[in-house]
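Read off the chains here:
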Amino acid sequence: MKQGILIMGYGTRKGNLVEVLESTARRIRAMTDYEVAVGYFRVSSPTIKEALESLVDKGVERVALVPYYVAEGKLTHFMMPEKIDMPGYAEFAELEVKGKKIMAYKAQAFNFDPVVTDIICDKISAMGGTKDSGVMVLGHGTLDESLMNRTVIQRNAERLSARGYKHVAYAFNEFCEPSIHDAMKKLADEGVKEIVCIPLFIAMGLHLGDEIPEQLGIPSYSEGGMVEFEGKKIQIKYTRPLEDDPRLTELVVRKAVEFLERWPCAFSSWMPPTEGRYCPAGTSVPGTR
């Protein structure tokens, strides 16, 4: 049975999201035997539906839908699956695509996976930051009632503190508190001379290029600069977002493999018990080379 991975992204008018997801897809094609496609919720092409149809045209009968997204929310739970007539908040579904029946599984976004914290630490180091530097983890913010985006940003900040970073704050571009100004004040009051700001976003775009730099007091689309905040001079170091870090590629594959190579376990709750579905411990992952 042919299997595939559909990477789902939001879409962009001004940013490098398409390049990020296409780079990720190329890596997965190189490291696995799966058919891989990328689809977008809005603006960018192909759409999620068109991408799924392209996989079916290649003979895929079982597909893992993986949102390349920082945190779960209404978009990933309901609005993206809706584009392919998958029930909202469903984890598994049998779908009819171009007259063919396929099995689909929707994985979770990156959420609390510790690899994200590892990437943040590497970005701090790449900017010359140390555990004595000020660190600000930046999130988009959310209106979703689950507040998952806020919780993921907060959790990563807490992990940095647990790893020994002495001056850590988190902030949001909009919708949630604390604000960037509040986080700047917290760190300035702690006496830091530099702040490494890490945007926990997927790709560059208007938020990261214009809106957040304006709030930080640095030039648009820059890596930072010296700013004056409440009479104190502070060096701002502004990193790139998560983008196509190879560890995220591995995370996407891991999320897909949980279904594609171990699907009998995943479906055991509703498939006939006579099918003998089980998942042996220590099984290999035949989809990877």
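Presented here is an overview of the structure given in this document.

Rules used throughout
- Residues numbered from 1 in each chain as written.
- Predicted model: local features only at pLDDT ≥ 70, side-chain atom pairs only at ≥ 80, totals over all residues.
- Heavy atoms only, no water.
- Pairing = 2+ DSSP bridges.
- Helix = DSSP H or I, 4+ residues; strand = E, 2+ residues; numbered from the N terminus.
- Axes fitted to C-alpha atoms, helices over the stretch in contact; angles between N-to-C directions.
- Contact = heavy atoms within 4.5 Å.
- Buried < 20%, exposed > 50% of the residue type's maximum accessible area, 1.4 Å probe, protein only.
- Polar contact = N/O pair within 3.5 Å; in protein donor to acceptor, adjacent residues only side chain to side chain.
- Right-handed = clockwise from strand over helix to strand, strands pointing away.

Side note on the sheet that holds strand β7 (residues 167–172)
Next, step 1: Taking strand neighbours across the sheet as the criterion, the five strands line up as β7-β6-β8-β10-β9 in an open arrangement whose pairing is mixed. Edge positions in the sheet fall to β7 and β9 (224–229), since each of these pairs with one other strand and no more. Taking the axes of each pair of neighbouring strands and ignoring which way they run, one obtains an average angle of 25 degrees across the sheet.
Next, step 2: Sheet topology note: the β9/strand β10 (residues 232–238) ladder contains six bridges and is antiparallel. Counted as the bridge partner of Phe 229 is Lys 232 from β10.
Next, step 3: Running at roughly 140 degrees to strand β8 (residues 194–199), helix α4 (residues 114–126) makes contact with β6 (134–139) and β8 of the sheet.

Details of the environment of Gln 108
Next, step 1: You can see Gln 108 is positioned in the loop between β5 (100–106) and α4.
Next, step 2: A relative accessible area of 38% places Gln 108 in the partly exposed class.
Next, step 3: As for Gln 108 and Arg 27, which are separated by 81 residues in sequence, their C-alpha atoms are 20 Å apart.
Next, step 4: At a separation of 3.0 Å, a polar atom in the side chain of Gln 108 contacts the side chain of Asn 111.

Let's talk about the pairing of strand β2 (residues 35–40)
Next, step 1: The buried count for β2 comes to six of six residues, which makes it a mostly enclosed element.
Next, step 2: Going residue by residue along β2, you find Glu 35, Ala 37 and Gly 39 tucked away on one face and Val 36, Val 38 and Tyr 40 tucked away on the opposite face as well.
Next, step 3: Pairing between strand β1 (residues 2–9) and β2: six bridges, direction parallel. Bridging across to β2, Gly 9 finds its partner in Tyr 40.
Next, step 4: Note that the unit made of β1, helix α1 (residues 17–31) and β2 has a crossover that is right-handed.

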